[in-house]
Amino acid sequence: MKIVKIIAWIALVAFVVIQFFPVDYNQSETVPQTDFMLVNNVPATVEQSLQVSCYDCHSNNTDYPWYSKVQPSSWYLEHHIKEGKAELNFNEWGNLSDRRKNSKLRSIINQIEDGEMPLDSYTLIHRDAIFSEANKTAVIDYINKLKDSLE
């Protein structure tokens with residue numbers, strides 16, 4: 001029983017100590033002119049779907065939940081956000097070449113169709129980020145039209 005108390009105290013101290021190692025939050029006050037929504041004529045329903053389901057991880061402005069202030073969950077969130085932005089940052093859309101945009105649009109379509117995006121770990125907490133069939137169809141149709149206009 002004594003060993004359990006020692007382990008519990010060590011775990012508690014470690015938990016308190018890691019709270020002093022914050023992350024750099026992904027928040028910006030401005031929307032750049034290169035943002036996907038500004039560069040393209042995005043219908044309101046598609047814009048809303050992308051904002052709710054994609055922009056937290058794929059833009060320069062994340063709307064952080066309450067648990068992002070607690071380590072190690074903030075490290076986990078920041079890791080996913082950095083990976084998401086490295087793959088696609090909607091705020092930098094206007095800086096991409098047409099060839100790169102075309103590739104990203106194909107990837108968006110495939111990942112939404114296959115149910116890979118948004119991530120299950122994200123939709124577990126953010127239930128509103130789950131695409132309804134109507135939203136999924138609207139987003140995919142719009143992305144297909146945008147892709148066709150680039151070719």
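Each value, and the rule that gives it
- Numbering of residues starts from 1 in each chain and follows the order in which that chain's sequence is written.
- Since the coordinates come from a predicted model, pLDDT governs what is reported: local features require at least 70, and pairs of side-chain atoms require 80 or more to be given and counted, while whole-chain, interface and lining totals use all residues.
- Note that water and hydrogens are dropped before the side-chain values are worked out from all heavy atoms of the structure.
- The helix count covers DSSP runs of H or I at least four residues long, the strand count covers runs of E at least two residues long, and both are numbered beginning at the N terminus.
- Surface patches are drawn from residues lacking salt bridges whose relative accessible area is over 30%; two like charges belong together within 9 Å, two nonpolar side chains (Val, Leu, Ile, Met, Phe, Trp, Tyr) within 5 Å.
- Here the open area of atoms and residues is found with the Shrake-Rupley method and a 1.4 Å probe, where only the protein chains shown may cover a residue.
- By salt bridge we mean one thing: a side-chain nitrogen of Lys or Arg within 4 Å of a carboxyl oxygen of Asp or Glu.
- Relative accessibility thresholds used throughout: buried, under 20% of the residue-type maximum; exposed, over 50%; partly exposed, between the two (1.4 Å probe, protein chains only).
- UniProt positions are given in the numbering used here, feature names are shortened, and annotations may be inferred rather than shown by experiment.

Moving on: unusual backbone geometry. Working note: non-glycine residues mostly have negative phi, and peptide bonds are mostly trans. Between glutamine 71 and proline 72 the backbone carries a cis peptide bond, its omega angle lying at 5°. The topology assignment puts proline 72 in the loop between helix H3 (44-53) and helix H4 (73-87). Cis geometry is adopted by the peptide bond preceding proline 118, which originates at methionine 117 and carries an omega value of -10°.

Before going further, it helps to spend a moment on a nonpolar patch on the surface. Side chains of Trp9, Leu12, Val13, Phe15, Val16, Val17, Phe20, Phe21, Trp66, Val70 and Trp75 sit close together on the surface and give an oily, nonpolar patch of about 1200 Å² of accessible area. Secondary-structure assignment places phenylalanine 20 in the loop between helix H1 (2-18) and helix H2 (36-39). With a relative accessible area of 65%, phenylalanine 20 lands in the exposed category.

Let's shift gears to the UniProt feature "domain: Haem-binding" (unreviewed entry) in the chain. Sequence positions flagged by UniProt for "domain: Haem-binding" (unreviewed entry) are, in local numbering, residues 12-147. Along residues 12-147 one finds 52% helix and 0% strand; the C-alpha atoms at either end are 52 Å apart.

Inspection of the entire model under this criterion finds 2 salt bridges. Between lysine 104 and glutamate 87 there is a salt bridge, and its shortest N-O distance comes to 3.5 Å. Of this pair, lysine 104 sits in helix H5 (residues 98-113) while glutamate 87 sits in helix H4, and the two are 17 residues apart along the sequence. For lysine 104, a relative accessible area of 10% puts it in the buried group. Aspartate 148 is paired through a salt bridge with lysine 147; the nearest N and O atoms lie 4.0 Å apart. Note on lysine 147: relative accessible area 12%, which makes it buried.

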